[in-house]
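Each chain, letter by letter, is given below.
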Amino acid sequence: MKPLNGLTKELLCYLNKAMHLPQPGDYIDIHVHGGTPAAGIFILESLMAHEEKLPHDASGVSYTYGIHPWFLNEANHNQLIISVENSVNQPGIIAIGEAGFDRIRGPSIELQRLAFEEQIIISEETRKPVVIHCVRAWDELLSVQKRRKPKMPWLVHGFRGNVELASQLLSKGMYLSFWFDFILRPESRDLLRHLPVNRIFLETDGAEANIRTIYDKVAADLNLSVADLKSVILKNFNAFFGLPAPFI
Ligand SMILES: [Zn+2]
């Protein structure tokens, strides 16, 4: 089956039939841990390889699967990579991640780089995009991007940096989703207004934040109605996953 610039047609059919894709009018929460979908809210739940959790067949939710750098070590590295390889084609898993780098918490940067590049290879082979965790390691992230020249898009989640850093990541084709606490602050308005709206996502990261409150704040910052912001983010979702837009 010819891939549709991303997900295969078979997976696409499965996802849409089972409502594993956001529907028009949904709030999209692009990064969640352990959430339960609620009416009108579509979530992308991040499953972490070390937990060995598998997707549920529930509507309103799809999954990413990957190795979070916090939980990687020399002893579990091989086993976690095998787990990603074995799980990534499970129905409902539409992206790799969260994967990436953390200079504050986690193993040596060399081991993080190895595991990240292995996951990038899996992403390219399976044509699934990547959700990225990156803390104080932008040089590492950008150097892997330069070396691997991935065809699949990358989404940096939990972003809370400045306009310069955001522009640098966007210039490499990446998408950004913002740290919920940062995006709710008044000072994030300037950053939002400097970014192209076709590259942004919003998330709660599974914290106590309410995705509706986040949409309200961002819509006001961008002088958009919440309904317009929802359709912007749905378009971004379709673009990120290589789905035909509008997808019905
Ligand atoms: Zn997370």
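Predicted, not measured: the structure shown is a model, and the values here were computed from it.

### What about the overall build of the chain?
Here comes step 1: Of the regular secondary structure elements, the chain holds nine helices and eight strands.
Here comes step 2: Relative to the globule expectation of 18 Å for 248 residues, the C-alpha radius of gyration of the chain, 17 Å, shows essentially globular dimensions.
Here comes step 3: Along the three orthogonal principal directions, the C-alpha set of the chain runs to about 50 × 40 × 35 Å.
Here comes step 4: In the chain, buried positions account for 40% of the 248 residues.
Here comes step 5: For the chain, long-range pairs separated by at least 24 residues make up 66% of all intrachain contacts whose partners lie at least 6 apart in sequence.

### Some details on the nonpolar core
Here comes step 1: Formed by 64 residues in total, the largest nonpolar core has its most connected members in Tyr 65, Val 130, Ile 132, Leu 155, Val 156, Leu 176 and Leu 202.
Here comes step 2: Here Leu 202 is in contact with Ile 30, Ser 177, Phe 178, Ile 183, Ile 211, Ile 214, Tyr 215, Val 218 and Ile 233, once residues within four sequence places are set aside.

### Focus on helix α8 (residues 211-221)
Here comes step 1: Within α8 the residues assigned to the buried category are Ile 211, Ile 214, Tyr 215 and Val 218. Projected onto a plane normal to the axis of α8, the buried residues spread over an arc of 100° and lie on a single side.
Here comes step 2: At its buried positions, α8 is contacted by β1 (27-32), β2 (41-48), α6 (180-183), α7 (188-194) and α9 (226-240).
Here comes step 3: Looking one or two residues beyond α8, the residue adopting positive phi is Asn 223, at roughly 55°.

### With respect to α9
Here comes step 1: The terminal C-alpha atoms of α9, which comprises 15 residues, lie 21 Å apart, in line with the 21 Å expected from a rise of 1.5 Å per residue.
Here comes step 2: Those residues of α9 not exposed but buried are Leu 229, Lys 230, Ile 233, Leu 234, Asn 236, Phe 237 and Phe 240. Viewed end-on, α9 has its buried residues packed into an arc of 160°, placing them on one side of the element.
Here comes step 3: Where α9 is buried, its residues touch β1, β6 (154-159), β7 (175-178), β8 (200-201) and α8.
Here comes step 4: Backbone geometry just downstream of α9 places Gly 242 in the positive-phi region, at approximately 65°.

### A word on the sheet that holds β2
Here comes step 1: One open sheet accounts for eight strands, arranged β1-β2-β3-β4-β5-β6-β7-β8; its pairing is parallel. With partners counted over all chains shown, the strands left at the sheet margins are β1 and β8, one partner each.
Here comes step 2: Pairing of strand β4 (residues 93-102) with strand β5 (residues 130-135), which is carried by six bridges, proceeds in the parallel orientation. Considered in β5, the bridge of Gly 100 is made with His 133.
Here comes step 3: Along the sheet, helix α3 (residues 109-126) contacts β3 (61-66), β4 and β5; its crossing angle with β4, the most-contacted strand, is approximately 160°.

### Description of the pairing of β1
Here comes step 1: Of all six residues that make up β1, six are buried, and the element is covered over most of its length.
Here comes step 2: Sheet topology places β1 next to β2; four bridges connect them, and they run parallel. Residue pairing across strands places Asp 29 opposite Ile 43, the latter belonging to β2.

### Let's talk about the packing of α3 against helix α4 (residues 138-148)
Here comes step 1: Relative orientation of the contacting elements α3 and α4 amounts to 40°, with a least axis distance of 11 Å. Comparing their axes, α4 and α3 come out oblique. Crossing geometry of α3 relative to α4 is assigned as right-handed. Along the contact surface, α3 presents Ile 109, Arg 113, Phe 116, Glu 117 and Ile 120, while α4 presents Glu 140, Val 144 and Arg 148.
Here comes step 2: Considering only residue class, the contact of α3 with α4 consists of four nonpolar, no polar and four charged.

The rules behind the values
- Each chain carries its own residue numbering, running from 1 in the written order of its sequence.
- Whole-chain, interface and lining totals are the exception, using all residues; otherwise, since this is a predicted model, local features are given only for residues with pLDDT of at least 70 and side-chain atom pairs are given and counted only at 80 or more.
- Per the convention used, a helix needs a DSSP run of H or I reaching at least four residues, while a strand needs a run of E reaching at least two, with both numbered from the N terminus.
- Here the globule rule is a power law, 2.2 Å times the number of residues to the power 0.38, and the radius of gyration is based on C-alpha atoms.
- Exposure in this text rests on C-beta crowding, where 20 or more other C-beta atoms within 10 Å of a residue's own make it buried, 12 or fewer make it exposed, and counts in between make it partly exposed. The C-beta atoms are placed from the backbone.
- Distance between backbone-placed C-beta atoms decides contact: two residues are in contact if it is within 7 Å.
- For the purposes of this analysis, a nonpolar core is taken to be any set of buried Ala, Val, Leu, Ile, Met, Phe, Trp, Tyr and Cys residues that are connected through C-beta atoms within 7 Å.
- By arc we mean the arc of the directions from the helix axis to the C-beta atoms, nothing more.
- Expected helix span is taken as 1.5 Å per residue step, with the number of steps being one fewer than the number of residues.
- Pairing between strands is defined by DSSP: at least two bridges between them are needed.
- Note on geometry: axes are lines fitted to C-alpha atoms, helical ones only across the stretch in contact, with angles between N-to-C directions running from 0 to 180 degrees.
- Throughout, the term roughly parallel applies to angles under 35 degrees, roughly antiparallel to angles over 145, roughly perpendicular to angles from 65 to 115, and oblique to all others.
- Left-handed describes a crossing whose near helix is turned anticlockwise from the far helix through less than a right angle; right-handed describes the clockwise counterpart.
- Here the term charged refers only to Asp, Glu, Lys and Arg, the term nonpolar to Ala, Val, Leu, Ile, Met, Phe, Trp, Tyr, Cys and Pro, and the term polar to all other amino acids, Gly among them.

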